[in-house]
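Structural description and commentary
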Amino acid sequence: MRDPNSEHLALVRRWLAGKAVNNTVGIKIVGGPFNGRTKIVELDQSGLPPAGFPGRPGRTPGSWNPAAKHIYLAVGAPDTTLVWHYEYAGIDTAADG
């Protein structure tokens, strides 16, 4: 059984709350097949997250297109530079090059 007060779980809770720890932060995902999840990312030297990411949801209910990449873009909150979320931008069905 894991200790609910362990340092590791405390770190994960801080990431999930959107707090930067050791230049790493958890960013909420809004929209698309990953809606509601959190992506843990490393911030760059200026404290910014990666601009976006392509995701493949794997086998989800309904039709599945293995070539489709769901595109997410980082969006900053207007009131602070430490609050970010990844917003769904659509599907890129172009084949990998």
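Given the structure is predicted, the values throughout are model-derived calculations rather than measurements.

Cut-offs used in this document
- Residues numbered from 1 in each chain as written.
- Predicted model: local features only at pLDDT ≥ 70, side-chain atom pairs only at ≥ 80, totals over all residues.
- Heavy atoms only, no water.
- pLDDT = per-residue confidence, 0-100.
- Helix = DSSP H or I, 4+ residues; strand = E, 2+ residues; numbered from the N terminus.
- Pairing = 2+ DSSP bridges.
- Axes fitted to C-alpha atoms, helices over the stretch in contact; angles between N-to-C directions.
- Contact = heavy atoms within 4.5 Å.

Concerning the confidence of the model for the chain
This prediction gives the chain a mean pLDDT of 82; 79% of its residues lie at or above 70. Within the chain, the element-level pLDDT minimum falls on strand β3 (residues 52-55), averaging 89, and the maximum on strand β2 (residues 38-42), averaging 93.

Some details on the sheet that holds strand β4 (residues 69-76)
Spatially, β2-β1-β5-β4-β3 is the arrangement adopted by the 5 strands of the open sheet, whose pairing is mixed. Taken across any chain shown, the strands that pair with only one partner, and hence form the sheet edges, are β2 and β3. The average angle at which neighbouring strand axes cross in this sheet is 35°, direction not considered. Relative to strand β1 (residues 24-30), helix α1 (residues 7-16) is tilted by about 50°, and along the sheet it contacts β1 and β2.

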